[in-house]
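# Residue-level structural notes
As a plain string of letters, each chain reads:
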Amino acid sequence: MNIVALSGSIVGSKTRTAMNAVVKELKEKYPEEKVTLIDLADFKVEFSDGRNYLDYQGDTKYVAQTIMDADAIIIGTPIFQASIPATLKNIFDLLPVNAFRDKVVSMLVTAGSSKHYLIAENQLKPILGYMKAQIVQTFVFIEESDFYRKEITNDDVIFRIQRLAEDTVLLTRTYTKIREEKEEAEYGF
Amino acid sequence: MEKYRIDRSKGLEFGIYTLGDHLPNPVTGERISEEQRIKDIIEYAKLADQAGIDFFSVGESHQEYFATQAHAVVLAAIAQATQNIKIASSSTIISTSDPVRVYENFATLDLISGGRAEIVAGRASRIGLFDLLGYNVRDYEELFEEKFDLLRQINENEVVNWSGEFRAPLNDARVLPRPKHGSLPIWRAVGGSPASAIKAGYAGVPMYMAHLGGPVTVFKRTVDAYREAAQRGGHNPDDLPIATAGFFYAAETSQQALKDMYPHINEGMKKTNGQGFPKQHFAQGIDPHNVMNIGSPQEIIEKILYQHEVYGHQRYIAQIDFGGVPFERLQRNIELIATEILPAIRKYTAKN
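Residues numbered from 1 in each chain as written. Chains lettered and ligands numbered in written order. Predicted model: local features only at pLDDT ≥ 70, side-chain atom pairs only at ≥ 80, totals over all residues.

Attention now moves to the UniProt feature "domain: NADPH-dependent FMN reductase-like" (unreviewed entry) in chain A. In the numbering adopted here, UniProt assigns the feature "domain: NADPH-dependent FMN reductase-like" (unreviewed entry) to residues 1–143 of chain A. Taken end to end, residues 1–143 of chain A comprises 35% helix and 23% strand; its first and last C-alpha atoms sit 30 Å apart. (UniProt positions renumbered as here; feature names shortened; annotations may be inferred. Helix = DSSP H or I, 4+ residues; strand = E, 2+ residues; numbered from the N terminus.)

Structure (structure tokens):
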């Protein structure tokens, strides 16, 4: 299984801190799985101009290709101006419409206010659904007060991250297994 | 229809097209040489001609995994190697070429082939060629519209006066040689969506409609939009031919056809488009109402006749060779077309 952890912002440290925790959890619990962290702050990604993702070059191509090659994607996002950041939306715009077909996608959200809780529900999930993702329904919502200087200080958040990692892997294995069985038994080609 | 060299009394024309892809055979992992692939395509056209198939066309794609960038040159070899089959591009990317040079090439091809050449002009689905050939992809739409319009003017007038944004003006220019019968059939390549079909209709240009898969009825909307636009543009839709083009594979059973064809399409699309073809969608391809012509010869006959009933089109063009399909399988398909499929289609669609 090929898991990509995508940290969707180029601003601040909280989403990256939380993604580090997810990656650490995945690597410890599932050492046999491949885990790649993409922090958009480390790349210069172009704005989407509508071309096929294969026609981009450099960082843009690398990021798009890595996501396309994934079996599971864990998206980490902050909330800016009551929505997902433009950097993350741009990643979706770079990819084909059915980019997440046969992929499991889960979410981790950091926010400055608890009033942002439903934003992932109302704005991120519809995008993932449109792009044909199998969504892990429960996402981890982390507030400003759960961090202290690039550390997660709330044990409840740690437990939820552990469950998110487990759910993502479990759902990916389940879908892969069912799909393989179906393809062999029913389609026969 | 005579202008487009289509004789309705003979019924639905049957053609074959290749994109000119040069992909490994996913079953063996091996890829033939570019030289072999180009020779195979010429041989493929020869076999199609001998089998009595009406039409053969070769695509232009300037990217990895393709071998017929110089498609007009390949078509010249095909013109020389064949007798009766109509030959064309599918498609010529007119946006990044000079319409004068394209016309010179295809008029020459028409003379070499004794009046068998046609042009299908398209816009390209991948855009690497814009960089390669020195064009700005931001002009994607306008480049096509302007150059396609010029190509048509050259076709209809021996002396052309023209000026535009993307090419030096033409003053009393004579574009030579002229095709054998004065003009060439020029088609507009249209993807699945109606927007481009509407442009073709308004301009009164024959439509070459390519499709991957899905219900036949979905593409009927495109056909209807085309004919409606033609009417509004002051053209008689009955005078404008429509061609449809898509995946084709015949085997003893539909299950065998799926099995033979799927890995080629899935792996080939991954390499050329960045995404495979979902097995679930492909499995639906054998449904009588799915636009993909995959199945046993009898099932394919029924599918093509159903499509003809829905669209009322004049030509169907089969893509069989995508994704490194071994040559003997292409031979076998041509044999099935010649002995079973073609006679039935002609019998049921010819107007006596």
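Our focus in this paragraph is the pairing of strand β2 (residues 55–58) of chain B. Residues in a regular strand project their side chains so that they alternate between the two faces of the sheet. Residues and elements named next belong to chain B. Covered by surrounding structure in β2 are Phe 55 and Ser 57 together with Phe 56 and Val 58, the residues of both alternating faces. Bridge analysis of strand β1 (residues 13–18) against β2 gives four bridges, and the strand direction is parallel. Counted as the bridge partner of Ile 16 is Phe 56 from β2. As a crossover connection, the stretch from β1 through helix α1 (residues 34–50) into β2 is right-handed. The sheet contact formed by β2 and strand β3 (residues 86–89) spans four bridges and is parallel. Each residue of the ladder has a partner; that of Val 58, found in β3, is Ser 89. In this fold, β2 hands off to helix α2 (residues 71–81), which returns the chain to β3; that crossover is right-handed. (Buried ≥ 20, exposed ≤ 12 C-beta atoms within 10 Å, placed from the backbone. Pairing = 2+ DSSP bridges. Right-handed = clockwise from strand over helix to strand, strands pointing away.)

On to helix α3 (residues 99–112) of chain B, then. Residues and elements named next belong to chain B. Taking 1.5 Å per residue as the helical rise, α3 with its 14 residues ought to reach 20 Å, and the 20 Å between its terminal C-alpha atoms agrees with that figure. Along α3, the positions that sit buried rather than exposed are Pro 99, Val 102, Tyr 103, Asn 105, Phe 106, Ala 107, Leu 109 and Asp 110. Buried positions along α3 lie against α2, β4 (92–93), β5 (117–122) and α5 (140–156). Gly 114 sits one or two residues past α3 and shows a positive phi near 70°. (Expected span 1.5 Å × (residues − 1). Contact = placed C-beta atoms within 7 Å.)

Turning next to the environment of Leu 109 of chain B. Residues and elements named next belong to chain B. Mapped onto the secondary structure, Leu 109 falls in helix α3. Between the alpha carbons of Leu 109 and Ala 77 there is a distance of 9.4 Å; along the sequence they are 32 residues apart. Beyond its immediate chain neighbours, meaning those up to four positions away, Leu 109 contacts Ala 72, Leu 75, Ala 76, Ala 79 and Ala 117.

Looking now at helix α3 (residues 86–94) of chain A. Since the α-helix advances by 3.6 residues per turn, residues separated by three or four positions end up pointing in the same direction. All names here are of chain A. What α3 keeps buried is the set Thr 87, Leu 88, Ile 91, Phe 92 and Leu 94. Viewed along the axis of α3, the buried residues span an arc of 165°, placing them on a single side of the element. Lining the buried residues of α3 we find α2 (58–68), β3 (72–78) and α4 (117–130). (Arc of directions from axis to C-beta.)

Now for the packing of α2 of chain B against α3 of chain B. Each packed pair of helices is defined by two parameters, the angle between the axes and the distance between the axes. Residue and element names in this part refer to chain B. At a minimum axis separation of 9 Å, α2 and α3 run at an interaxial angle of 10°. Viewed along their axes, α2 and α3 adopt a mutual orientation that is roughly parallel. Residues Ala 72, Leu 75, Ala 76, Ala 79 and Gln 80 of α2 touch α3, and the partners they reach there are Asn 105, Phe 106, Leu 109 and Ile 112. Within the contact of α2 with α3, the residues separate by chemical class into seven nonpolar, two polar and no charged. (Axes fitted to C-alpha atoms, helices over the stretch in contact; angles between N-to-C directions. Parallel < 35°, antiparallel > 145°, perpendicular 65-115°, else oblique. Nonpolar A, V, L, I, M, F, W, Y, C, P; charged D, E, K, R; others polar.)

Another point: the nonpolar core. Note that soluble globular proteins tend to have their nonpolar side chains buried in a common cluster. Within the largest apolar cluster, 100 residues are counted, with the highest numbers of intra-cluster contacts made by Phe 56, Phe 106, Leu 151, Met 207, Tyr 208, Met 209 and Tyr 249 of chain B. It is strand β10 (residues 242–250) of chain B that contributes the most residues to this core, seven residues altogether. With near-sequence residues (within four places) excluded, Leu 151 of chain B lies in contact with Ile 94, Pro 99, Val 102, Tyr 103, Ala 121 and Ile 186 of chain B. Core analysis: the next-biggest nonpolar cluster, separate from the first, contains 51 residues, Ile 79, Val 104, Ala 120 and Val 169 of chain A among them. (Core = buried A, V, L, I, M, F, W, Y, C linked by C-beta atoms within 7 Å.)

All names here are of chain B. Note that Pro 288 resides in the loop between α9 (279–283) and β11 (293–295). Taking the number of C-beta atoms within 10 Å as the measure of exposure, Pro 288 has 10 and is therefore exposed. A sequence separation of 286 residues divides Pro 288 from Glu 2, and the C-alpha atoms of the two residues are 32 Å apart. Excluding residues that lie within four positions of it along the chain, Pro 288 makes contacts with Glu 302, Lys 303 and Tyr 306.

So, on to unusual backbone geometry. Of the consecutive residues Ser 90 of chain B and Ser 91 of chain B, the connecting peptide bond is found in the cis state with omega at 0°. Cis peptide bonds are those with omega within 30 degrees of zero, and the linkage from Leu 176 of chain B to Pro 177 of chain B qualifies with -5°. Examined against the element boundaries, Pro 177 of chain B turns out to sit in the loop between β7 (170–174) and β8 (186–190). The backbone phi angle of Asp 102 of chain A is positive, close to 60°, even though this residue is not glycine.

Contact with chain B, which involves 14 residues of that partner, is made by 13 residues of chain A. Elements that contribute at least two residues to the side of chain B that touches chain A include exactly α8 (254–273) and α9 of chain B. Considering every element that reaches the side of chain B that touches chain A, the biggest residue donor is α8 of chain B, with five residues. In terms of residue class, the side of chain B that touches chain A is made up of six nonpolar, five polar and three charged.

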